[in-house]
Amino acid sequence: MGIYEELKARGLIAQVTDEERIRDLVNNGKATFYIGFDPTADSLHVGHFMALCLMKRLQEAGNKPIALIGGGTAMIGDPSGRTDMRQMMTPETIQHNCDCFKKQMSRFIDFSDGKALMVNNADWLMDLNYIEVLREVGAHFSVNRMLTAECYKQRMEKGLSFLEFNYMIMQAYDFYELFQKYGCNLEFGGDDQWSNMLAGTELIRRKLGKDASAMTITLLLNSEGKKMGKTQSGAVWLDPEKTSPFDFYQYWRNVADADVLKCIRMLTFLPLEEIDKMDSWEGVQLNTAKEILAYELTKLVHGEEEAVKAQEAARALFSKGAAADMPTAELTADDMTDGEIDIMTMLVKAGLVPSKSEARRAVQQGGVAVDGEKVTDIHAAFKAEDMSGEGLVLKKGKKNFRKVLMK
(Lines give C-alpha, C1' and ligand atoms only; values in the text may rest on other atoms or scores of the structure.)
Protein backbone atom coordinates (compact mmCIF):
# COMPACT_ATOMS: atom_id res chain seq x y z
CA MET A 1 0.00 0.00 0.00
CA GLY A 2 1.42 3.40 -1.05
CA ILE A 3 1.18 6.43 1.23
CA TYR A 4 -1.70 7.86 -0.85
CA GLU A 5 -3.70 4.66 -0.43
CA GLU A 6 -2.94 4.68 3.30
CA LEU A 7 -4.15 8.28 3.66
CA LYS A 8 -7.33 7.30 1.87
CA ALA A 9 -7.84 4.22 4.05
CA ARG A 10 -7.41 6.36 7.16
CA GLY A 11 -10.15 8.71 5.95
CA LEU A 12 -7.81 11.69 5.70
CA ILE A 13 -8.42 12.78 2.10
CA ALA A 14 -11.37 15.07 1.40
CA GLN A 15 -10.87 16.70 -2.04
CA VAL A 16 -8.13 16.55 -4.69
CA THR A 17 -7.50 18.46 -7.91
CA ASP A 18 -6.04 15.50 -9.83
CA GLU A 19 -5.99 12.16 -8.04
CA GLU A 20 -3.67 10.30 -10.42
CA ARG A 21 -1.10 13.11 -10.44
CA ILE A 22 -1.14 13.48 -6.64
CA ARG A 23 -0.95 9.70 -6.11
CA ASP A 24 2.12 9.53 -8.37
CA LEU A 25 3.81 12.46 -6.59
CA VAL A 26 3.38 11.29 -3.00
CA ASN A 27 3.81 7.53 -3.59
CA ASN A 28 7.11 8.12 -5.37
CA GLY A 29 8.48 10.76 -3.00
CA LYS A 30 8.29 13.46 -5.67
CA ALA A 31 6.09 15.91 -3.77
CA THR A 32 7.43 19.14 -2.36
CA PHE A 33 4.35 20.18 -0.47
CA TYR A 34 3.31 22.93 1.86
CA ILE A 35 0.79 23.54 4.61
CA GLY A 36 0.18 27.03 5.96
CA PHE A 37 -0.12 27.91 9.65
CA ASP A 38 -1.25 31.41 10.59
CA PRO A 39 0.35 32.35 13.96
CA THR A 40 -2.82 33.63 15.63
CA ALA A 41 -1.70 32.31 19.06
CA ASP A 42 1.56 31.42 20.81
CA SER A 43 0.86 27.69 20.53
CA LEU A 44 -0.44 25.21 18.00
CA HIS A 45 -3.62 23.41 19.02
CA VAL A 46 -5.50 20.21 18.23
CA GLY A 47 -6.92 21.87 15.11
CA HIS A 48 -3.36 21.85 13.68
CA PHE A 49 -2.66 18.33 14.88
CA MET A 50 -3.92 16.44 11.84
CA ALA A 51 -1.92 18.67 9.48
CA LEU A 52 1.27 18.05 11.48
CA CYS A 53 0.64 14.29 11.45
CA LEU A 54 0.06 14.42 7.70
CA MET A 55 3.36 16.23 7.18
CA LYS A 56 5.10 13.59 9.28
CA ARG A 57 3.53 10.72 7.30
CA LEU A 58 4.45 12.24 3.95
CA GLN A 59 8.00 13.08 5.02
CA GLU A 60 8.52 9.50 6.20
CA ALA A 61 7.40 8.40 2.71
CA GLY A 62 10.22 10.46 1.14
CA ASN A 63 8.41 13.71 0.36
CA LYS A 64 9.65 17.18 1.33
CA PRO A 65 7.47 19.34 3.60
CA ILE A 66 7.41 23.13 3.70
CA ALA A 67 5.87 24.56 6.84
CA LEU A 68 4.67 27.99 5.84
CA ILE A 69 4.24 30.35 8.77
CA GLY A 70 1.77 33.08 7.89
CA GLY A 71 3.58 36.08 9.32
CA GLY A 72 2.16 38.11 6.44
CA THR A 73 -1.33 36.65 6.10
CA ALA A 74 -1.80 36.90 9.88
CA MET A 75 -1.70 40.69 9.39
CA ILE A 76 -4.99 40.29 7.48
CA GLY A 77 -6.76 37.30 9.06
CA ASP A 78 -8.44 34.30 7.46
CA PRO A 79 -12.24 34.72 7.23
CA SER A 80 -12.80 30.95 6.79
CA GLY A 81 -15.24 29.59 9.36
CA ARG A 82 -15.51 32.98 11.07
CA THR A 83 -18.62 35.00 11.82
CA ASP A 84 -16.62 38.10 12.75
CA MET A 85 -13.29 39.71 11.91
CA ARG A 86 -10.18 38.46 13.70
CA GLN A 87 -8.47 40.74 16.18
CA MET A 88 -5.54 42.60 14.62
CA MET A 89 -2.12 41.62 16.02
CA THR A 90 1.10 43.61 16.24
CA PRO A 91 4.16 42.51 14.22
CA GLU A 92 5.95 41.74 17.52
CA THR A 93 3.17 39.37 18.68
CA ILE A 94 3.13 37.64 15.29
CA GLN A 95 6.92 37.11 15.40
CA HIS A 96 6.73 35.70 18.94
CA ASN A 97 4.01 33.27 17.84
CA CYS A 98 6.08 32.21 14.80
CA ASP A 99 9.02 31.34 17.09
CA CYS A 100 6.76 29.24 19.32
CA PHE A 101 5.37 27.35 16.30
CA LYS A 102 8.80 26.28 15.03
CA LYS A 103 9.73 24.75 18.37
CA GLN A 104 6.52 22.69 18.49
CA MET A 105 6.67 21.63 14.83
CA SER A 106 10.14 20.16 15.32
CA ARG A 107 8.50 17.34 17.34
CA PHE A 108 6.75 16.17 14.18
CA ILE A 109 8.95 17.28 11.28
CA ASP A 110 12.66 16.67 10.70
CA PHE A 111 14.11 20.02 9.59
CA SER A 112 17.73 18.76 9.54
CA ASP A 113 19.88 18.64 6.40
CA GLY A 114 17.27 20.34 4.19
CA LYS A 115 14.74 17.51 4.68
CA ALA A 116 12.08 20.12 5.36
CA LEU A 117 11.80 23.88 5.20
CA MET A 118 10.16 26.45 7.40
CA VAL A 119 9.48 29.75 5.67
CA ASN A 120 7.53 32.88 6.55
CA ASN A 121 5.29 34.51 3.95
CA ALA A 122 6.07 37.91 5.52
CA ASP A 123 9.36 37.64 3.59
CA TRP A 124 7.56 38.32 0.31
CA LEU A 125 4.09 39.63 1.19
CA MET A 126 5.30 42.59 3.26
CA ASP A 127 7.36 43.99 0.38
CA LEU A 128 4.72 43.77 -2.34
CA ASN A 129 3.84 46.89 -4.29
CA TYR A 130 0.08 47.45 -4.25
CA ILE A 131 -0.22 48.69 -7.85
CA GLU A 132 1.97 45.83 -9.07
CA VAL A 133 -0.19 43.29 -7.22
CA LEU A 134 -3.35 44.72 -8.77
CA ARG A 135 -1.87 44.53 -12.28
CA GLU A 136 0.07 41.26 -12.04
CA VAL A 137 -2.15 39.23 -9.71
CA GLY A 138 -5.53 40.92 -9.36
CA ALA A 139 -6.14 40.70 -13.10
CA HIS A 140 -6.34 36.90 -12.81
CA PHE A 141 -9.12 36.87 -10.19
CA SER A 142 -12.84 37.04 -10.92
CA VAL A 143 -14.76 38.84 -8.16
CA ASN A 144 -17.94 36.98 -9.13
CA ARG A 145 -16.17 33.65 -8.71
CA MET A 146 -14.53 34.68 -5.43
CA LEU A 147 -17.91 35.57 -3.93
CA THR A 148 -19.15 32.02 -4.52
CA ALA A 149 -16.43 30.67 -2.17
CA GLU A 150 -17.89 29.22 1.03
CA CYS A 151 -15.51 31.21 3.25
CA TYR A 152 -16.91 34.48 1.83
CA LYS A 153 -20.55 33.43 1.53
CA GLN A 154 -20.70 32.82 5.30
CA ARG A 155 -19.57 36.39 5.95
CA MET A 156 -21.71 38.25 3.44
CA GLU A 157 -24.68 38.50 5.80
CA LYS A 158 -22.74 40.22 8.60
CA GLY A 159 -20.38 42.08 6.34
CA LEU A 160 -17.09 41.12 4.70
CA SER A 161 -14.30 43.69 4.93
CA PHE A 162 -12.13 44.46 1.90
CA LEU A 163 -9.17 43.56 4.13
CA GLU A 164 -10.40 39.96 4.50
CA PHE A 165 -11.53 39.79 0.87
CA ASN A 166 -7.84 39.93 -0.06
CA TYR A 167 -6.98 36.82 1.98
CA MET A 168 -7.65 34.44 -0.91
CA ILE A 169 -5.34 36.45 -3.16
CA MET A 170 -2.59 36.40 -0.54
CA GLN A 171 -2.85 32.61 -0.06
CA ALA A 172 -2.83 32.05 -3.81
CA TYR A 173 0.24 34.25 -4.09
CA ASP A 174 1.97 32.14 -1.42
CA PHE A 175 1.61 29.01 -3.55
CA TYR A 176 2.79 30.92 -6.64
CA GLU A 177 5.87 32.14 -4.75
CA LEU A 178 6.68 28.72 -3.22
CA PHE A 179 6.26 27.06 -6.64
CA GLN A 180 8.87 29.36 -8.14
CA LYS A 181 11.31 29.53 -5.21
CA TYR A 182 11.29 25.95 -3.96
CA GLY A 183 9.62 23.85 -6.65
CA CYS A 184 6.59 23.36 -4.41
CA ASN A 185 4.13 21.33 -6.51
CA LEU A 186 1.43 20.48 -3.96
CA GLU A 187 -0.58 22.31 -1.30
CA PHE A 188 -2.39 20.64 1.59
CA GLY A 189 -4.90 22.22 3.92
CA GLY A 190 -8.14 21.77 5.81
CA ASP A 191 -11.26 21.16 3.75
CA ASP A 192 -12.48 24.69 4.55
CA GLN A 193 -9.48 26.01 2.57
CA TRP A 194 -10.48 24.42 -0.74
CA SER A 195 -11.43 27.68 -2.51
CA ASN A 196 -8.21 29.41 -1.47
CA MET A 197 -6.14 26.45 -2.60
CA LEU A 198 -7.81 26.26 -6.01
CA ALA A 199 -7.06 29.96 -6.41
CA GLY A 200 -3.36 29.15 -5.98
CA THR A 201 -3.31 26.37 -8.60
CA GLU A 202 -5.21 28.66 -11.00
CA LEU A 203 -2.79 31.56 -10.47
CA ILE A 204 0.20 29.30 -11.20
CA ARG A 205 -1.50 28.01 -14.35
CA ARG A 206 -2.40 31.49 -15.60
CA LYS A 207 0.91 33.17 -14.75
CA LEU A 208 3.36 30.35 -15.51
CA GLY A 209 1.40 27.95 -17.71
CA LYS A 210 2.30 25.08 -15.35
CA ASP A 211 0.33 22.59 -13.27
CA ALA A 212 0.28 22.49 -9.49
CA SER A 213 -1.96 20.35 -7.31
CA ALA A 214 -4.00 20.71 -4.14
CA MET A 215 -5.50 18.26 -1.67
CA THR A 216 -7.65 18.96 1.36
CA ILE A 217 -7.63 17.02 4.62
CA THR A 218 -10.85 15.87 6.23
CA LEU A 219 -11.77 18.20 9.08
CA LEU A 220 -11.65 16.58 12.51
CA LEU A 221 -15.34 16.57 13.48
CA ASN A 222 -17.11 14.63 16.19
CA SER A 223 -20.22 12.52 15.61
CA GLU A 224 -22.36 15.65 16.11
CA GLY A 225 -20.58 17.47 13.27
CA LYS A 226 -18.69 19.88 15.56
CA LYS A 227 -14.95 20.57 15.30
CA MET A 228 -12.95 18.59 17.83
CA GLY A 229 -10.25 20.12 19.98
CA LYS A 230 -12.22 22.42 22.22
CA THR A 231 -13.31 22.09 25.85
CA GLN A 232 -15.45 24.28 28.06
CA SER A 233 -12.28 26.13 29.08
CA GLY A 234 -11.17 26.69 25.47
CA ALA A 235 -8.83 25.09 22.94
CA VAL A 236 -6.74 21.98 23.62
CA TRP A 237 -3.20 23.29 23.09
CA LEU A 238 0.00 21.43 22.20
CA ASP A 239 2.00 23.63 24.59
CA PRO A 240 2.25 21.81 27.97
CA GLU A 241 2.14 25.16 29.77
CA LYS A 242 -1.31 25.88 28.28
CA THR A 243 -2.74 22.35 28.32
CA SER A 244 -0.92 19.92 30.63
CA PRO A 245 0.01 16.44 29.28
CA PHE A 246 -2.51 14.98 31.77
CA ASP A 247 -5.34 17.24 30.53
CA PHE A 248 -4.31 16.50 26.92
CA TYR A 249 -4.45 12.77 27.69
CA GLN A 250 -7.81 13.15 29.41
CA TYR A 251 -9.29 15.04 26.44
CA TRP A 252 -8.69 12.04 24.18
CA ARG A 253 -9.53 9.51 26.90
CA ASN A 254 -12.98 11.10 27.13
CA VAL A 255 -13.93 11.22 23.42
CA ALA A 256 -17.33 9.77 22.60
CA ASP A 257 -17.65 6.06 21.80
CA ALA A 258 -18.75 6.97 18.28
CA ASP A 259 -15.54 8.97 17.64
CA VAL A 260 -12.74 6.91 19.17
CA LEU A 261 -11.99 4.49 16.30
CA LYS A 262 -12.20 7.28 13.73
CA CYS A 263 -9.67 9.28 15.75
CA ILE A 264 -7.35 6.28 16.10
CA ARG A 265 -7.48 5.75 12.34
CA MET A 266 -6.93 9.40 11.41
CA LEU A 267 -4.48 10.56 14.05
CA THR A 268 -2.32 7.70 15.31
CA PHE A 269 0.51 5.91 13.52
CA LEU A 270 -0.70 2.45 14.54
CA PRO A 271 -0.78 -0.01 11.59
CA LEU A 272 -4.12 -0.14 9.77
CA GLU A 273 -4.32 -3.93 10.25
CA GLU A 274 -4.20 -3.40 14.01
CA ILE A 275 -6.89 -0.71 13.85
CA ASP A 276 -9.13 -2.82 11.61
CA LYS A 277 -9.27 -5.45 14.36
CA MET A 278 -10.73 -2.82 16.71
CA ASP A 279 -13.72 -2.16 14.41
CA SER A 280 -15.73 -4.86 16.18
CA TRP A 281 -14.93 -3.55 19.66
CA GLU A 282 -17.79 -2.39 21.83
CA GLY A 283 -18.67 -1.79 25.48
CA VAL A 284 -15.67 -1.93 27.83
CA GLN A 285 -13.37 -2.55 24.86
CA LEU A 286 -14.07 1.00 23.67
CA ASN A 287 -12.57 2.26 26.93
CA THR A 288 -9.43 0.31 26.06
CA ALA A 289 -9.48 1.95 22.62
CA LYS A 290 -9.75 5.37 24.27
CA GLU A 291 -6.72 4.61 26.42
CA ILE A 292 -4.78 3.58 23.32
CA LEU A 293 -5.81 6.78 21.52
CA ALA A 294 -4.95 9.03 24.49
CA TYR A 295 -1.58 7.34 25.07
CA GLU A 296 -0.49 7.38 21.41
CA LEU A 297 -1.39 11.05 20.87
CA THR A 298 0.14 12.20 24.17
CA LYS A 299 3.33 10.33 23.23
CA LEU A 300 3.39 12.08 19.86
CA VAL A 301 2.98 15.56 21.33
CA HIS A 302 4.73 15.33 24.70
CA GLY A 303 6.98 12.27 24.46
CA GLU A 304 6.76 8.74 25.86
CA GLU A 305 7.71 9.64 29.46
CA GLU A 306 4.90 12.19 29.79
CA ALA A 307 2.44 9.81 28.10
CA VAL A 308 3.24 7.06 30.63
CA LYS A 309 2.91 9.50 33.55
CA ALA A 310 -0.43 10.81 32.25
CA GLN A 311 -1.78 7.29 31.73
CA GLU A 312 -0.71 6.11 35.17
CA ALA A 313 -2.20 9.22 36.82
CA ALA A 314 -5.48 8.75 34.96
CA ARG A 315 -5.67 5.08 35.85
CA ALA A 316 -4.90 5.76 39.49
CA LEU A 317 -7.62 8.39 39.68
CA PHE A 318 -10.30 6.89 37.48
CA SER A 319 -9.67 3.21 36.85
CA LYS A 320 -8.08 1.91 40.05
CA GLY A 321 -9.41 4.60 42.34
CA ALA A 322 -7.80 6.97 44.77
CA ALA A 323 -6.83 4.10 47.08
CA ALA A 324 -6.26 0.37 46.90
CA ASP A 325 -9.10 -0.24 49.34
CA MET A 326 -11.77 1.42 47.21
CA PRO A 327 -15.24 0.26 48.30
CA THR A 328 -16.89 -2.25 45.99
CA ALA A 329 -20.55 -2.52 45.07
CA GLU A 330 -21.75 -5.86 43.70
CA LEU A 331 -24.77 -6.02 41.45
CA THR A 332 -26.87 -9.05 40.58
CA ALA A 333 -29.04 -9.95 37.61
CA ASP A 334 -32.05 -8.77 39.64
CA ASP A 335 -30.64 -5.23 39.58
CA MET A 336 -30.73 -5.22 35.78
CA THR A 337 -33.56 -4.47 33.38
CA ASP A 338 -33.21 -6.30 30.07
CA GLY A 339 -29.55 -6.87 30.87
CA GLU A 340 -28.84 -3.18 31.55
CA ILE A 341 -28.80 -0.76 34.47
CA ASP A 342 -29.30 2.98 34.10
CA ILE A 343 -26.86 5.45 35.65
CA MET A 344 -29.33 6.73 38.29
CA THR A 345 -30.17 3.24 39.54
CA MET A 346 -26.48 2.32 39.57
CA LEU A 347 -25.65 5.36 41.74
CA VAL A 348 -28.35 4.34 44.24
CA LYS A 349 -27.38 0.64 44.26
CA ALA A 350 -23.72 1.56 44.72
CA GLY A 351 -24.62 3.63 47.78
CA LEU A 352 -23.29 6.92 46.40
CA VAL A 353 -26.68 8.67 46.63
CA PRO A 354 -29.73 7.98 48.80
CA SER A 355 -32.34 8.50 46.07
CA LYS A 356 -32.91 8.68 42.33
CA SER A 357 -33.80 12.36 42.56
CA GLU A 358 -30.37 13.09 44.04
CA ALA A 359 -28.80 10.83 41.40
CA ARG A 360 -30.56 12.87 38.69
CA ARG A 361 -29.21 16.13 40.13
CA ALA A 362 -25.66 14.77 40.36
CA VAL A 363 -25.74 13.62 36.72
CA GLN A 364 -27.29 16.84 35.38
CA GLN A 365 -24.78 18.97 37.29
CA GLY A 366 -21.84 17.08 35.73
CA GLY A 367 -20.67 15.44 38.93
CA VAL A 368 -20.79 11.81 37.79
CA ALA A 369 -18.19 9.83 35.84
CA VAL A 370 -17.79 6.19 34.80
CA ASP A 371 -14.23 5.00 34.17
CA GLY A 372 -13.10 8.63 34.02
CA GLU A 373 -15.69 9.68 31.44
CA LYS A 374 -18.26 12.23 32.54
CA VAL A 375 -21.88 11.08 32.23
CA THR A 376 -24.43 13.84 31.64
CA ASP A 377 -27.31 11.80 30.20
CA ILE A 378 -29.71 10.56 32.90
CA HIS A 379 -30.79 7.78 30.53
CA ALA A 380 -27.24 6.42 30.05
CA ALA A 381 -27.22 2.66 30.64
CA PHE A 382 -24.55 0.01 31.15
CA LYS A 383 -24.58 -3.69 30.30
CA ALA A 384 -23.82 -6.57 32.64
CA GLU A 385 -20.69 -7.42 30.64
CA ASP A 386 -19.38 -3.88 31.22
CA MET A 387 -19.09 -4.81 34.90
CA SER A 388 -17.32 -8.13 34.40
CA GLY A 389 -13.59 -8.56 35.00
CA GLU A 390 -12.23 -5.48 36.78
CA GLY A 391 -15.65 -3.84 36.67
CA LEU A 392 -16.48 -0.16 36.29
CA VAL A 393 -15.31 2.69 38.49
CA LEU A 394 -18.25 4.91 39.38
CA LYS A 395 -17.40 8.37 40.69
CA LYS A 396 -19.59 11.05 42.26
CA GLY A 397 -17.96 14.38 42.97
CA LYS A 398 -14.20 14.49 43.50
CA LYS A 399 -13.69 11.89 46.21
CA ASN A 400 -16.57 9.40 46.18
CA PHE A 401 -15.71 6.19 44.31
CA ARG A 402 -17.19 2.73 43.99
CA LYS A 403 -15.93 -0.20 41.99
CA VAL A 404 -19.07 -1.74 40.47
CA LEU A 405 -18.90 -5.48 39.75
CA MET A 406 -21.37 -8.19 38.71
CA LYS A 407 -21.81 -10.89 41.36
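It should be emphasised that the depicted structure is a prediction, and the values quoted were computed from it without experimental measurement.

How would you sum up the overall build of the chain? Please name residues and give values.
Regarding its fold elements, the chain presents 18 helices and 15 strands. Expressed along its principal axes, the backbone C-alpha trace of the chain runs to roughly 80 × 45 × 35 Å. The buried share of the chain, taken over its 407 residues, is 49%. Pairs at least 24 residues apart make up 73% of the contacts formed inside the chain by residues separated by at least 6 positions. Taken as a whole, the chain presents about 19,700 Å² of accessible surface, with 48% of it coming from carbon and sulfur.

Tell me what's going on with the packing of aromatic side chains, and back it up with residues and numbers.
According to the stated counting rule, one finds seven aromatic pairs in the structure shown. Here the aromatic rings of Tyr173 and Tyr176 are separated by 5.6 Å at their centres, their planes lie at 55°, and the arrangement is tilted. With Tyr173 and Tyr176 both in helix H10 (residues 167-182), this residue pair falls three residues apart, about one helical turn. Judged by its relative accessible area of 11%, Tyr176 falls in the buried class. The structure contains a cluster of three or more aromatic residues connected by ring pairs, namely Phe49, Phe108, Phe248, Tyr251 and Trp252. For the cation-ring pair, Arg57 lies above Phe269, with the distance from its terminal atom to the ring centre recorded as 4.2 Å. Stacked on the ring of Trp237, the Lys or Arg Lys242 has its end atom at 4.7 Å from the ring centre.

Help me get a handle on the sheet that holds strand S5 (residues 186-190), residues and values and all.
Pairing within the open sheet is mixed, and its six strands lie in the order S1-S6-S5-S2-S3-S4. Two strands in the sheet have a free side with no partner beyond their single neighbour: strand S1 (13-16) and strand S4 (117-120). Strand after strand, the sheet turns through a mean of 25° between neighbouring axes, direction not considered. Here strand S2 (residues 32-37) pairs with S5 via two bridges, running parallel. Of the residues in S5, the one forming a bridge with Phe33 is Leu186. Contacts from helix H2 (residues 19-27) reach S1, S5 and strand S6 (213-217) within the one sheet, and its direction differs from that of S6 by about 85°.

Conventions used here
Residues numbered from 1 in each chain as written. Predicted model: local features only at pLDDT ≥ 70, side-chain atom pairs only at ≥ 80, totals over all residues. Heavy atoms only, no water. Helix = DSSP H or I, 4+ residues; strand = E, 2+ residues; numbered from the N terminus. Buried < 20%, exposed > 50% of the residue type's maximum accessible area, 1.4 Å probe, protein only. Contact = heavy atoms within 4.5 Å. Areas by Shrake-Rupley, 256 points an atom, 1.4 Å probe, with all protein chains shown as cover. Phe/Tyr/Trp six-rings, centres within 6.5 Å; stacked < 30°, edge-to-face > 60°. Lys NZ or Arg CZ within 6 Å of the ring centre and 35° of its normal. Pairing = 2+ DSSP bridges. Axes fitted to C-alpha atoms, helices over the stretch in contact; angles between N-to-C directions.

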